Amino acid sequence: MLRYDRIMQLEFFGAAGEVTGSCHIVRTGGRQLLLDCGMVQGGADAPARNRRAFPFEPSAIDAVVLSHAHIDHCGRLPLLVSRGFRGPIYTNPACADLLPILLRDAANLALRDAERANRDLEARAERVTPLFDLEDVEAVVRQLRVVAYDTALELLPGITVRVREAGHILGSSSIEMWIQEPATRREQENSRKLVFSGDLGQYDTPILHDPFAFESAGLGLVESTYGDRRHRDRENTVRELGAILAQAARDGGNVIVPAFAIGRSQELLYLLAQHYGEWHLERWKIFLDSPMAIAASRVYWKHPERFDAEASRLRASFRGMPPLPNLVLSESPDDSRAINEIRAGAIIIAGSGMANGGRVLHHLKHNLERSECHVIIVGFQAPGTLGRQLVDRQPQVRIHGRQLRLAAQIHTLGGLSAHGDQEQLLRWYDNFKDRPPVYLVHGELPASEALAVKLRERGASATVARPGLQIDLSSLAVLARDSPTP
Ligand SMILES: [Zn+2]
């Protein structure tokens, strides 16, 4: 087995040169720690890539630190465990509550995918097994260890970690990590500090606090999903949402919102509650058609300690959910099917967020060919997903094997994205007083490269990460004044 006794190293594996599959490896003094262990999403080769062997021996990993519960950050954890990882998985309390909801859903999806593949390949001898199952997920849950926000903790000899708010979804975190040089372990002053942004939310996002402002680091690993884009500002976005709903009411159809169960769904409900009277929402029936989004909403309201001041004020009127009198929680498949009969007056929030599976496909199938209907896209759409085809307004799309002519009106509301745009990513970076060198991760190449250019204009060294790239951490500056003690 490979040992890493004398090296102090960071290696990129996933979400390097692309958005999904977040996974980075930190090695020091013979220990190996993973930052995230995410699934690749979108693209025809994603299922095959997710099945591939890890570029490390899972049983040789000592611990995982998980930034947040999105599947592209945590989705291969059950696979890691089933392939031999037995160590602790550290994450913050809210993420630990959300994680089982997401992973169980992913396990059910994996099971259905395998069943479908086996039906299609009936004649062939080779059976497809699910990528992982519910038992693997329960093993992940047993290996979870909760770490409080804002508290430094030595997770492994030579590796101390502190998680900070990332403002992206509930339980999202940026990770501050002090890594000690193997030869001088126990000497704090010889540690190198790495800050992994995780996924960064927008500033002034509903419900959550702004991303934490770091002042120093020896190296930054920074997401760049929207590194080449400017979002419309939030005020305009909210106004636009109101205008779309007004137009949709005049057109007399339905409104479909493919939304991520975690984050977007809760923010949308929050916005609808805030503008209930102003937008005359009493004329609509609002469906949250996703057992996962419903479960996630309950976790959201269980963690008011993560709310910003405005959400805390509004929470006074929350009773488990935002005060929408016409909100229907659609839990069972029958509840969901019943929505298909509705021709007008329904706002349907359903997953999946990129419309590459889930209940939203049925709603799109029933409404996409009707010009009086509206689809509102509120999050990032990976290449190869149906959501991306809608954003690109392809004249024909395929759902469940059926060709559909796109007639519904498609709206993209960038301002509701869970990710900061270029300006906000730079604002986050500008908090660092010592301008640390940066490796850009979690972005398609044009986005990462555009952000790199902007960072270099600020005098920072910025490199786009690629899989297999290894950084010798001992070459980084030692930060004399920085220590994990708050
Ligand atoms: Zn995320």
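This is a predicted model, so every value here is computed, not measured.

What is the right way to read unusual backbone geometry from this model?
Both trends apply: most residues other than glycine have a negative phi, and most peptide bonds are in trans. Residue Ser-352 is reached from Gly-351 by a cis peptide bond, and omega for that bond is 10°. Assignment of secondary structure puts Ser-352 in the loop between strand S15 (346-350) and helix H11 (360-367). Positive phi is not limited to glycine here, since Asp-36 has a value of about 65°. Of note, Asp-36 is situated in the loop between strand S3 (31-35) and helix H1 (46-51). With phi around 65°, Asp-150 is a residue other than glycine that occupies positive phi space. As for its position among the elements, Asp-150 is in the loop between strand S6 (144-146) and strand S7 (153-156). A residue is classified by how much of its surface remains accessible, and Asp-150, at 38% relative accessible area, is partly exposed.

What am I meant to see in the nonpolar core here?
If you look at soluble globular proteins, the nonpolar side chains tend to sit buried side by side. Ranked by internal contacts, the top residues of the largest apolar core, which has 79 residues, are Leu-34, Leu-77, Leu-80, Leu-245 and Ile-376. At 11 residues, the largest contribution of residues to this core is made by helix H4 (residues 93-120). Beyond its immediate chain neighbours, meaning those up to four positions away, Leu-245 contacts Val-255, Leu-272, Trp-279, Leu-281, Trp-284, Ile-347 and Ile-376. Counting 31 residues, the second-largest nonpolar core is a separate cluster that includes Met-8, Phe-12, Ala-16 and Tyr-439.

Sorry, what's going on with the packing of helix H13 (residues 422-429) against helix H14 (residues 445-457) here?
H14 packs onto H13 with a crossing angle of 45° between their chain directions and a minimal axis gap of 11 Å. With respect to H14, the axis of H13 lies oblique. For the crossing formed where H13 meets H14, the hand is right-handed. Residues Gln-422, Leu-425, Leu-426 and Tyr-429 of H13 lie in contact with H14, whose contacting residues are Ala-450, Leu-451, Lys-454 and Leu-455. Considered class by class, the residues forming the contact of H13 with H14 number six nonpolar, one polar and one charged.

Even after reading the chapter, I still don't get the pattern of salt bridges, so can you show me in this structure?
Opposite charge on two side chains lets them pair, provided their charged atoms get close. A full pass over the atoms with the stated rule returns 28 salt bridges. Here Glu-18 ties to Arg-49 by a salt bridge, and the two come within 2.5 Å at their closest N and O atoms. Placement of Glu-18 in the loop between strand S1 (8-14) and strand S2 (23-28) and of Arg-49 in helix H1 is noted, with a sequence separation of 31 residues between them. A salt bridge links Asp-430 to Arg-435; its shortest N-O distance comes to 3.2 Å. Asp-430 sits in the partly exposed class, given a relative accessible area of 32%. Taken together, the shared-partner salt bridges connect Asp-150, Arg-162, Arg-164, Glu-176 and Lys-193 into one network.

What exactly am I supposed to notice about the environment of Gly-158 here?
Here Gly-158 lies in the loop between S7 and strand S8 (159-165). In this structure the C-alpha to C-alpha distance between Gly-158 and Ile-7, which are 151 residues apart in sequence, comes to 12 Å.

Is there a simple way to explain the coordination of the zinc ion in this structure?
Tetrahedral coordination by four donors sets the ideal angle at the metal to 109.5 degrees; octahedral coordination by six donors sets it to 90 or 180 degrees. Protein-derived coordination of the zinc ion comes from His-68 (NE2), His-70 (ND1), His-168 (NE2) and Asp-199 (OD), at a distance range of 2.2 to 2.3 Å. Between the four donor atoms coordinating the zinc ion, the angles at the centre fall across 89 to 166°, so the site counts as irregular. Look at where the donors of the zinc ion fall in the sequence and you get H-x1-H-x97-H-x30-D. Residue His-68 is classed as buried on the basis of its relative accessible area, which comes to 0%.

I tried to follow the sheet that holds strand S5 (residues 89-91) on my own but got confused; where do I start?
Within a sheet, each strand pairs with its neighbour through backbone hydrogen bonds, oriented either parallel or antiparallel. The mixed open sheet is built from seven strands, whose spatial order is S6-S5-S4-S3-S2-S1-S22. On the outer flanks of this sheet lie S6 and strand S22 (470-472), each paired with one strand and no other. Each adjacent strand pair in this sheet contributes to an overall mean axis angle of 25°, direction not counted. As defined by bridge partners, S1 adjoins S22 across three bridges and the pair is classed as antiparallel. Bridge assignment links Glu-11 to a residue of S22, and that residue is Gln-470.

I tried to follow the environment of Gln-202 on my own but got confused; where do I start?
Take Gln-202: it is sitting in the loop between strand S10 (191-196) and strand S11 (219-223). Residue classification places Gln-202 among the buried positions, given a relative accessible area of 5%. Each C-alpha atom of the pair Gln-202 and Arg-234 lies 9.3 Å from the other, and the pair is 32 residues apart in sequence. Among the polar contacts listed, one links the side chain of Gln-202 to the backbone oxygen of Ser-417, at a separation of 2.9 Å.

The rules we used
- Residues numbered from 1 in each chain as written.
- Predicted model: local features only at pLDDT ≥ 70, side-chain atom pairs only at ≥ 80, totals over all residues.
- Heavy atoms only, no water.
- Helix = DSSP H or I, 4+ residues; strand = E, 2+ residues; numbered from the N terminus.
- Buried < 20%, exposed > 50% of the residue type's maximum accessible area, 1.4 Å probe, protein only.
- Core = buried A, V, L, I, M, F, W, Y, C linked by side-chain atoms within 4.5 Å.
- Contact = heavy atoms within 4.5 Å.
- Axes fitted to C-alpha atoms, helices over the stretch in contact; angles between N-to-C directions.
- Parallel < 35°, antiparallel > 145°, perpendicular 65-115°, else oblique.
- Left-handed = near helix turned anticlockwise from the far one by under 90°.
- Nonpolar A, V, L, I, M, F, W, Y, C, P; charged D, E, K, R; others polar.
- Salt bridge = Lys/Arg side-chain N within 4 Å of Asp/Glu carboxyl O.
- Donors = N, O, S within 2.8 Å, 3.2 Å for Na, K, Ca; no water.
- Tetrahedral: all angles 85-135°; square planar, octahedral: opposite > 155°, others 65-115°.
- Pairing = 2+ DSSP bridges.
- Polar contact = N/O pair within 3.5 Å; in protein donor to acceptor, adjacent residues only side chain to side chain.

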